[in-house]
Amino acid sequence: QVQLVESGGGLVQSGDSLRLSCAASGRTKYHVGWFRQAPGKEREFVAAIFWSGSSTDYADSVKGRFTISRGDAENTVYLQMNRLKPEDTAVYYCGVFRGGSGWSLPDKYDYWGQGTQVTVSS
């Protein structure tokens, strides 16, 4: 019912910025989360944005640097990443979840995009 396509990843240096996009189709009201996965690591929560009240949540590792938002048409969710660090290097995924508690857990998400690679060099 929902298709997600991530874009905007690339190779950057420490301190640079990137803006990732998650284009969604199939519904107009949805909750969206961003996760990332580095080689040999589990998929970890980055940020989420909720339809009701447009509230957001962030992992401690990205607070103050990353901002999640919706586009004007509300069919695209962005992740603005500033002051990037090498430890931010990962494949970034967006997903749709049902709502309720546990949005930081990957198994709560019903749909995923294919991911976009972010590589931050020193």
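Residues numbered from 1 in each chain as written. Predicted model: local features only at pLDDT ≥ 70, side-chain atom pairs only at ≥ 80, totals over all residues. Heavy atoms only, no water.

Peer 1: Can you help me understand the overall build of the protein chain in this one?
Peer 2: For the protein chain, the helix and strand inventory stands at zero helices and eleven strands. Counting from the amino terminus, the protein chain carries its helices and strands in the arrangement β-β-β-β-β-β-β-β-β-β-β. A globule of 122 residues ought to have a C-alpha radius of gyration of about 14 Å, and the protein chain, at 13 Å, matches this closely. In terms of its C-alpha atoms, the protein chain occupies a principal-axis envelope of roughly 40 × 30 × 25 Å. Relative to its full complement of 122 residues, the protein chain shows a buried share of 41%. Considering only contacts within the protein chain whose residues lie at least 6 apart along the sequence, 56% involve residues at least 24 apart. In the structure as shown, the protein chain presents an accessible area of about 6,400 Å², 45% of it carried by carbon and sulfur atoms. (Helix = DSSP H or I, 4+ residues; strand = E, 2+ residues; numbered from the N terminus. Rg over C-alpha atoms; globule rule 2.2 N^0.38 Å. Buried < 20%, exposed > 50% of the residue type's maximum accessible area, 1.4 Å probe, protein only. Contact = heavy atoms within 4.5 Å. Areas by Shrake-Rupley, 256 points an atom, 1.4 Å probe, with all protein chains shown as cover.)

Peer 1: Please explain the pairing of strand 4 (residues 31-37) as it appears in this structure.
Peer 2: Looking along a regular strand, one sees side chains alternate from face to face of the sheet. Most of strand 4 sits out of view: six of its seven residues are buried. Sheet topology note: the strand 4/strand 9 (residues 90-97) ladder contains seven bridges and is antiparallel. Within strand 9, the residue paired with Arg-36 across the bridge is Tyr-92. Judged from the five bridges that link them, strand 4 and strand 5 (residues 44-49) form a sheet pairing that is antiparallel. Residue pairing in the sheet places Arg-36 in a bridge with Glu-44 of strand 5. Linking strand 4 back to strand 5 in an antiparallel pair, the connection comprises six residues, with Gly-40 at a positive phi of about 75 degrees. (Pairing = 2+ DSSP bridges.)

Peer 1: In this structure, what is going on with the packing of aromatic side chains? I would like to understand it.
Peer 2: To describe a pair of aromatic rings, one takes the distance between the centres and the angle between the planes. All told, the structure shown has seven aromatic pairs when counted by the stated rule. Aromatic pair Phe-35 and Trp-112: ring centres 5.2 Å apart, planes at 80 degrees, arrangement edge-to-face. Taken together, the residues Phe-35 in strand 4 and Trp-112 in strand 10 (residues 109-112) connect sequence positions 77 residues apart. Phe-35 gets classed as buried once you look at its relative accessible area, which sits at 0%. Owing to a relative accessible area of 26%, Trp-112 belongs among the partly exposed residues under this scheme. The ring of Tyr-78 is capped by Arg-19, whose NZ or CZ atom sits 4.1 Å from the centre of that ring. Taking the ring centre of Trp-112 as reference, the NZ or CZ of Arg-43 above it sits at 4.6 Å. (Phe/Tyr/Trp six-rings, centres within 6.5 Å; stacked < 30°, edge-to-face > 60°. Lys NZ or Arg CZ within 6 Å of the ring centre and 35° of its normal.)

Peer 1: Even after reading the chapter, I still don't get the nonpolar core, so can you show me in this structure?
Peer 2: The nonpolar side chains of a soluble globular protein tend to be buried with one another. One finds Trp-34, Leu-79, Met-81 and Tyr-92 to be the most contacted residues of the largest nonpolar core, which totals 34 residues. Here Met-81 is in contact with Asp-16, Ser-17, Leu-18, Leu-20, Arg-65, Phe-66, Tyr-92 and Val-118, once residues within four sequence places are set aside. (Core = buried A, V, L, I, M, F, W, Y, C linked by side-chain atoms within 4.5 Å.)

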